[in-house]
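Listed here are the chains, written in short residue letters.
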Amino acid sequence: MMENSAQKKLTLKEKISYGLGDVGNGFMFDMGQIYLLKFYTDILGISAYWGGLVFLVSKIFDAFADSSVGAFVDKRKVGKRGKFRPFILFGSIPLAIMTVISFMAPDFSDTGKIVFAFITYMAFGLSYSIVNIPYGSLAASMTQDSVDRASLGSFRAIGSQFAMLISGMVVIPIVLYFPDQKLGYTVGIGSMALIGVIFHYICYRNTNENVIRVPKKEEEKLPMSKLFKLLLSNRPLIALCFVCLFMVAGSNLRTAVQLYYLQYNLGNPGLMSLLSFTSIGIAVIGSFFIPALVKRLGKKKTFIIGLFIGIAADVANFVLPANVPTFLILLTIGSLGLSFALGLPWVMVADAVDYHEWKTGQRTEGIVYSSYSFFRKLAQALAGFIPGVALGLIGYVPNAEQTAGALLGIKGLMFLVPAGLNLIAAVILIVLYNLTEDFYKKIVDELKDKQKVNDSLKSA
């Protein structure tokens, strides 16, 4: 059955608590994204090549782990703590443990260290999936109100950016405080993981699952293969998956090459701190505007406008001569627009859950969310592997004066390629994504009417 509280307005406390869940996620996930490669090369003692390969293979493994976790969560019966919240509560502890273990440097042989890195980071990825897939699925079960869902996406985006900001500012000073950097990493990463567990608990404690549908017995017997096949009829989800593939790949590609652009094209690698602070600050500010824009324009239009603002800023940055003031101004404009786009997919995936139930009769939050997450992980894997190949193709030479062709190539990787990928994402969204606000309202109304009929038949 579906509870009557599905349309109740969420409190500010619930929205903030949900956003804090992504702070908890970030305090563990961001450790690997920001620091692990440097830890591998400088502390564990493996080559950058093997470190990069660990990331590539582990991300692909994570993508498949997400799908398996999503299917498992959907098969699980609703308990007294809910369907998704128990994973956030109990899964955060092994996740924290694996975060710390990933940053250990045992005295193994060179081969042993590489094997250790593969095993620990893949185990971390599985632990993260067990928490993150239910966390992402939770939004669809908290409310079906369109504006409230946009607010949840906004608070999640703010939480993610806040975690990235704190992670970037706090860990290295803690590491450098200790003469033994191995101990410094243990203390620094361990502190972040512990705080992450606390934020996960706050998320669990202060959120509720209001959209609860108890499946019929015949639905419970459907094999996972059948459930995954049903996803092919979910047009909004398929569109979002491919939008995500191109958009996230563009964003991560830019992140991977931005230090090269600052050092060689602008001659000012010291801008990295200002760049990070500005980008994250603008993203947080932009996230606050998402609910108001969604209320006025709808999710799809807000998403498209955000992408085109980012595209226009990137094209202008590529065409205009490279200089710091122009770069920072256009980056600020582009970051503001992309903050709308990057904050909305989580909300729209929740809508795709309702579409999936309306279309197939199956409410499968975990499988729907994990399918979207699969494409995000695939994009992260590709974006982490492609820059090294691209830099070689454009003639980049480390720690040397670059040729004009190499400088143009770096500039293209920084601006033109992400703009092109975002343009593809925008076209897919315009052409394939058919879940307008009016259509979604119709879906919710029909689901409610169908549930009323089922409830009346049961009580008859």
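Residues numbered from 1 in each chain as written. Predicted model: local features only at pLDDT ≥ 70, side-chain atom pairs only at ≥ 80, totals over all residues. Heavy atoms only, no water.

1. What about the overall build of the protein?
Right, on to step 1. When its secondary structure is counted, the protein shows 17 helices and zero strands.
Right, on to step 2. The globule rule puts the C-alpha radius of gyration for 460 residues at 23 Å, and the 22 Å found for the protein is close to it.
Right, on to step 3. Considered along the principal axes of its C-alpha atoms, the protein spans approximately 80 × 50 × 40 Å.
Right, on to step 4. Looking at the protein residue by residue over its 460 residues, the buried ones come to 55%.
Right, on to step 5. Once local pairs closer than 6 in sequence are excluded, the contacts in the protein between residues at least 24 apart make up 84%.
Right, on to step 6. Accessible area for the protein stands at about 19700 Å²; split by element, carbon and sulfur atoms hold 69% of it.
Right, on to step 7. Side chains of the protein give 42 positive and 29 negative charges; the mean places of these two sets differ by 4 Å. (Helix = DSSP H or I, 4+ residues; strand = E, 2+ residues; numbered from the N terminus. Rg over C-alpha atoms; globule rule 2.2 N^0.38 Å. Buried < 20%, exposed > 50% of the residue type's maximum accessible area, 1.4 Å probe, protein only. Contact = heavy atoms within 4.5 Å. Areas by Shrake-Rupley, 256 points an atom, 1.4 Å probe, with all protein chains shown as cover. Lys, Arg positive; Asp, Glu negative; His and termini not counted. Charge placed at Lys NZ, Arg CZ, Asp CG, Glu CD.)

2. What about the pattern of salt bridges?
Right, on to step 1. A full pass over the atoms with the stated rule returns eleven salt bridges.
Right, on to step 2. Put simply, Arg-149 and Asp-354 hold a salt bridge, and the shortest N to O gap is 2.8 Å. Here the residue Arg-149 occupies a position in helix H5 (residues 146-177), and Asp-354 occupies one in helix H14 (residues 345-360), the gap between them amounting to 205 residues.
Right, on to step 3. Exposure remark for Arg-149: the relative accessible area of 2% places this residue in the buried category. (Salt bridge = Lys/Arg side-chain N within 4 Å of Asp/Glu carboxyl O.)

3. Focus: the side chain of Lys-59
Right, on to step 1. For Lys-59, the location among the structural elements is in helix H2 (residues 48-75).
Right, on to step 2. Although Lys-59 is buried, it forms no salt bridge, and the closest oppositely charged side chain is Asp-62 at an N-O distance of 4.6 Å.
Right, on to step 3. Excluding anything up to four places from it in sequence, Lys-59 contacts Phe-29, Gln-33, Tyr-121, Lys-377, Gln-380 and Ala-381.

4. Some points on the nonpolar core
Right, on to step 1. Of all hydrophobic cores here, the largest spans 64 residues; its most connected members are Phe-303, Leu-307 and Tyr-372.
Right, on to step 2. With ten residues, helix H9 (residues 235-265) is the single largest residue contributor to this core.
Right, on to step 3. Setting aside its immediate chain neighbours within four residues, Leu-307 contacts Met-247, Leu-338, Ala-341, Asn-422, Ala-425 and Ala-426.
Right, on to step 4. Residues Met-31, Ala-117, Val-175 and Ile-189 belong to the second largest nonpolar core, which totals 38 residues. (Core = buried A, V, L, I, M, F, W, Y, C linked by side-chain atoms within 4.5 Å.)

5. Some remarks on H2
Right, on to step 1. The first and last C-alpha atoms of H2 sit 40 Å apart over 28 residues, in line with the 40 Å expected at 1.5 Å per residue.
Right, on to step 2. Sitting at the amino-terminal end of H2 is Ser-47, which places a side-chain oxygen 3.2 Å from the backbone nitrogen of Trp-50. (Expected span 1.5 Å × (residues − 1). Polar contact = N/O pair within 3.5 Å; in protein donor to acceptor, adjacent residues only side chain to side chain.)

6. A look at the packing of aromatic side chains
Right, on to step 1. Within the structure shown, the criterion is met by 24 aromatic pairs.
Right, on to step 2. Between Tyr-261 and Phe-415 the ring centres are 5.1 Å apart and the planes differ by 85 degrees, which places this aromatic pair in the edge-to-face class. Of the two residues, Tyr-261 sits in helix H9 while Phe-415 sits in helix H16 (residues 404-432), which places them 154 residues apart along the sequence.
Right, on to step 3. The class of Tyr-261 is buried, set by a relative accessible area of 0%.
Right, on to step 4. By way of ring pairs, the aromatic residues Phe-29, Tyr-40, Phe-55, Tyr-121, Phe-124 and Tyr-128 are connected into one cluster.
Right, on to step 5. The cationic tip of Arg-85 hangs over the ring face of Tyr-204; the distance from NZ or CZ to the ring centre is 4.4 Å.
Right, on to step 6. Geometry around Tyr-440 places Lys-299 over its ring, the cationic atom sitting 5.6 Å from the centre. (Phe/Tyr/Trp six-rings, centres within 6.5 Å; stacked < 30°, edge-to-face > 60°. Lys NZ or Arg CZ within 6 Å of the ring centre and 35° of its normal.)

Note that all results are geometric; they support no functional claim without further evidence.
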